[in-house]
Amino acid sequence: MSDIAIKVRGLGKKYHIGEKLPQRSLAGSIKNAAAFPWKVAKNLISGKAIDQREEFWALKDVAFDVKQGEVLGIIGRNGAGKSTLLKILSRITTPTEGEVELFGRVGCLLEVGTGFHPELTGRENVFLNGSLLGMSNVEIKQRFDEIVDFSGVERFLDTPVKFYSSGMYTRLAFSVAAHLNPEILIVDEVLAVGDAEFQKKCLGKMDDIARSGRTIIFVSHNMGAVKSLCQKGLLLNNGSVFLSGDIDRVIEKYSETIELYTNTSPIAGRTDRQGNGDLLIQKFDLINSSDNNRMINEKQIGFVLKYMAKCDLFFCRILISINNSVGECIIFMDSTTINDFPKQIRRKGKFEIKITRDFGLADGCYFVNIAVFVNEIMADYIQNALIFHVEKGCFYEGGKSPAGKGMCHVKQKWEYQAL
Amino acid sequence: MSFIVKIVFALSAVVNNLKIEKNCAMEEKSQNPSEHYLLIKPVNKFRLADLLEIFRYRELLYFLTWRDIKVKYKQTIFGVLWVLIQPLALMLLFTVVFGKFAKLEQDLKVPYALFAFAGLLPWQLFSRTLTATTGSLLSNEHLISKIYFPRMIVPLASCLSGIVDFLIGFIGLAVMMIFYCQMPTANIVFLPLFLILMMMTALGIGFWLSALYIEYRDVGYIVPFLVQFWMFATPVVYPVNIIPQEYLWIVALNPMTGVIEGIRWSLFDYAYAPGKLFFLSLGISVFTFISGAIWFHCREKVFADYIGK
């Protein structure tokens, strides 16, 4: 028992949806109260709704365990119930049913800089924010220098934070949060703020915390961050646990569910395009693929692109990016880097884009975005124009696969010389 | 004036330092993880134990109060002097209208201006506290939707931050009394009692209204009107004896009647001492406070659901 840090059983949260919920009218309630005074009073006290509105279970039957020192990543599409789960774990709202047991001191970070007041100085805000996050006055005093050092804003400590740049503000806010010292840390998308360098620093700090043996629950859309930080994953879908277990498996499953919900209708019928429409992509397909856009890694990667334009003889530029399931761009292709790309193209045409056979993609799921510019103005841009899977095959002549998994395969030549 | 503010800060710092040693002891205990166990489950019943939690969060209460005090008079020229300017202006108006035209002054042992100021000042402080407390939850909704703490701390802090205003206000009142050569009687020892009663009333109503305000924005329209209406229903600018004897109990139902008349009685030689009816005011005031606290406590678990993001 002692190695369990968080135990969740049968957790559910019910909301009432309907136009009346956000601000119920006083007149209606008074009418109700006059008609059934006792019933209304009882219901109000117990927090039940008076009138019959549509029920919506934001979470239902959620159960999982987190061991001491484990880092759990919670992923799921928007509306899957991540935020609700987090709000219950952090006690901001109460569950409708089920229970959560937390063994250890809990720290919650649903936002950086909660309670920062623009009129107060940096120093004052550190104390206020620290106190809100659950640090005692003594703890804040002890760690004050560390906090300031980490944030790098010591010169402006006695300036009201309303005069801070947004970067300084975020840095100070995060460093207070980073010096919180709980046994269980619950973190929402705090990394969605700040510049790339700062995000890296945040992730590094999170990594340190994780390594120091503390239990972390981490919710993020940034699959790269989740993958590098977490060992275990929990995939939520429509308010219940879809899959829990090893983080790699969970992320893989997640990208498959994304595929289910992404627009994969034929290119010609897509309406989620951006651009002025001077040129429209009619067809964009994988060559060498079997059914359902699956291909084996030994085959050549290539695409066919057919287009139709409004004018004749024009200059065009085509950009294609191939992203993996975590959202990292693996290959970015730009037609202006190609020497024999035609200077002018006709009203209708077809491109075949082939990647040399020395290159292959690791097995997994890939998302292709494509954009076409006509005379440097964006004419058509389709996100996830194509989703394809690469399966393991015999990319290397010997038929063996490398022991580890990189992002891609490259044919290589090894030369040996005895010395 | 800023001198007094500094004294208040110094005092609170001392109090806080006294707490430090206790906290250190708590720290050591918490080294063992099994000390911290938390069970989250649906809450339906009222539990008094949760009220004790406010005590555990007293440092946060201190910081929020301190924040409210610091921020209150930022970017104003007169700053905390506004506490005196408003009742002084109203006093001039009422002295002319009631004191001179309506000849209320004849029945009083003290000059009407002092009489009115000793009523207007506590009334202003009361209405200010009431308004601030009512709006406190909404103005702190970003905290409520992001962090857990006993929600009652928010109206409490907003009420406590009025203490600086109280101090400044009563210094102004003392100056007025010296100006009119009125010596306080021995009754002044009861003054803190009336002030506590006033805070309790403001807080009790603040609990009710702030909890309702989260769900019903109607409250925002009611409060300014209520405060105005209530001032004339309370013997602030007129003495309570102009009301016929047989209706006095109705006036005493208003908890502020006891408070305002009591404050005047404790400050200077004033004709109308609090009688039996004062205890009716007192009872209602205590009832408002306790019922407000219970109501607030029952509703606090749904606040975050009404606020949303």
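Quantities reported herein were computed from a predicted structural model and do not represent experimental measurements. (Residues numbered from 1 in each chain as written. Chains lettered and ligands numbered in written order. Predicted model: local features only at pLDDT ≥ 70, side-chain atom pairs only at ≥ 80, totals over all residues.)

Colleague: Break down the overall build of chain A for me, citing the residues and quoting the values.
Modeller: Looking only at helices and strands, chain A features nine helices and 19 strands. Considering chain A as a whole, with its 419 residues, one finds that 35% of them fall into the buried category. Sequence separation of at least 24 residues holds for 73% of the intrachain contacts in chain A that already meet a minimum separation of 6. (Helix = DSSP H or I, 4+ residues; strand = E, 2+ residues; numbered from the N terminus. Buried ≥ 20, exposed ≤ 12 C-beta atoms within 10 Å, placed from the backbone. Contact = placed C-beta atoms within 7 Å.)

Colleague: Outline the overall build of chain B, supporting the account with residue identities and numerical values.
Modeller: If you tally the helices and strands in chain B, you get 14 helices and one strand. The buried share of chain B, taken over its 309 residues, is 39%. Across chain B, the fraction of contacts at a sequence separation of at least 24, relative to all contacts at a separation of at least 6, is 81%.

Colleague: Which residues make up the confidence of the model for chain A, and what are the values?
Modeller: Per-chain confidence: chain A averages 83 in pLDDT, with 88% of residues scoring 70 or above. Contacts of residues 19–23 of chain A to residues separated by more than four positions or lying in other chains number five contacts, the stretch itself having pLDDT below 50. (pLDDT = per-residue confidence, 0-100.)

Colleague: Residues and numbers for the interface of chain A and chain B, please.
Modeller: With 40 residues of chain A at the contact, the number on the chain B side is 37 residues. When residues in the side of chain A that touches chain B are grouped by element, the largest group, six residues, is from strand 4 (residues 97–103) of chain A. Partitioned by chemical class, the residues of the side of chain A that touches chain B number 16 nonpolar, 14 polar and ten charged. Pairing analysis gives four bridges linking strand 4 of chain A to strand 1 (residues 37–40) of chain B, with the strands arranged antiparallel. Bridge pairing in strand 1 of chain B places Phe103(A) opposite Tyr37(B). (Nonpolar A, V, L, I, M, F, W, Y, C, P; charged D, E, K, R; others polar. Pairing = 2+ DSSP bridges.)

Colleague: Could you give an account of unusual backbone geometry, naming the residues involved and the relevant values?
Modeller: Only a minority of non-glycine residues have a phi that is not negative, and only a minority of peptide bonds are not trans. Residue and element names in this part refer to chain A. At Asp61, a residue that is not glycine, the phi angle is positive and equals roughly 55°. Tracing the backbone through its elements, the reader meets Asp61 in strand 2 (residues 54–67). Given 14 C-beta atoms within a 10 Å radius, Asp61 is considered partly exposed. Backbone geometry places Glu376, a non-glycine residue, at a positive phi of 65°. Structurally, Glu376 can be placed in the loop between strand 17 (364–374) and strand 18 (377–391). A count of 8 C-beta atoms within 10 Å places Glu376 in the exposed class.

Colleague: Give me the nonpolar core: which residues, what numbers.
Modeller: If you look at the biggest cluster of nonpolar residues, it comprises 139 residues, and the most contacted ones within it are Ile186(A), Ile217(A), Phe218(A), Val226(A) and Ile153(B). With 16 residues, helix 9 (residues 191–215) of chain B is the single largest residue contributor to this core. One finds Leu305(A), Phe367(A), Phe373(A) and Leu386(A) within the second-largest nonpolar core, a separate group that totals 30 residues. (Core = buried A, V, L, I, M, F, W, Y, C linked by C-beta atoms within 7 Å.)

Colleague: So, the sheet that holds strand 13 (residues 316–324) of chain A: which residues are in play, and what are the values?
Modeller: Residue and element names in this part refer to chain A. Here five strands make up an open sheet; going across it, the order is 11-18-17-13-14 and the pairing mixed. Since the sheet does not close on itself, it has two edges, and those belong to strand 11 (294–296) and strand 14 (329–334), each with one partner. Between one strand axis and the next, the sheet turns by 25° as a mean value, whatever way the strands run. Examined bridge by bridge, strand 13 and strand 17 share nine bridges and lie antiparallel to one another. Its bridge partner being in strand 17, Ile318 is matched across the sheet by Val372. (Axes fitted to C-alpha atoms, helices over the stretch in contact; angles between N-to-C directions.)

Colleague: Help me get a handle on the pairing of strand 8 (residues 232–237) of chain A, residues and values and all.
Modeller: Residues and elements named next belong to chain A. Of the strand pairs in this sheet, strand 3 (residues 71–75) and strand 8 are connected by four bridges, and their pairing is parallel. Note that in strand 8 the partner of Gly73 across the bridge is Gly233. Direction of pairing for strand 8 relative to strand 9 (residues 240–246): antiparallel, over a ladder of six bridges. For Leu234, the partnering residue across the bridge sits in strand 9 and is Ser244.

Colleague: Provide a residue-level description of the sheet that holds strand 15 (residues 348–354) of chain A, including the pertinent values.
Modeller: Backbone hydrogen bonds hold the strands of a sheet together, and the pairing may be parallel or antiparallel. Residues and elements named next belong to chain A. The antiparallel open sheet is built from three strands, whose spatial order is 10-12-15. Either end of the sheet is taken by a strand with one partner, and the two such strands are strand 10 (279–286) and strand 15. This sheet shows a mean twist of 20° between the axes of neighbouring strands, independent of strand direction.

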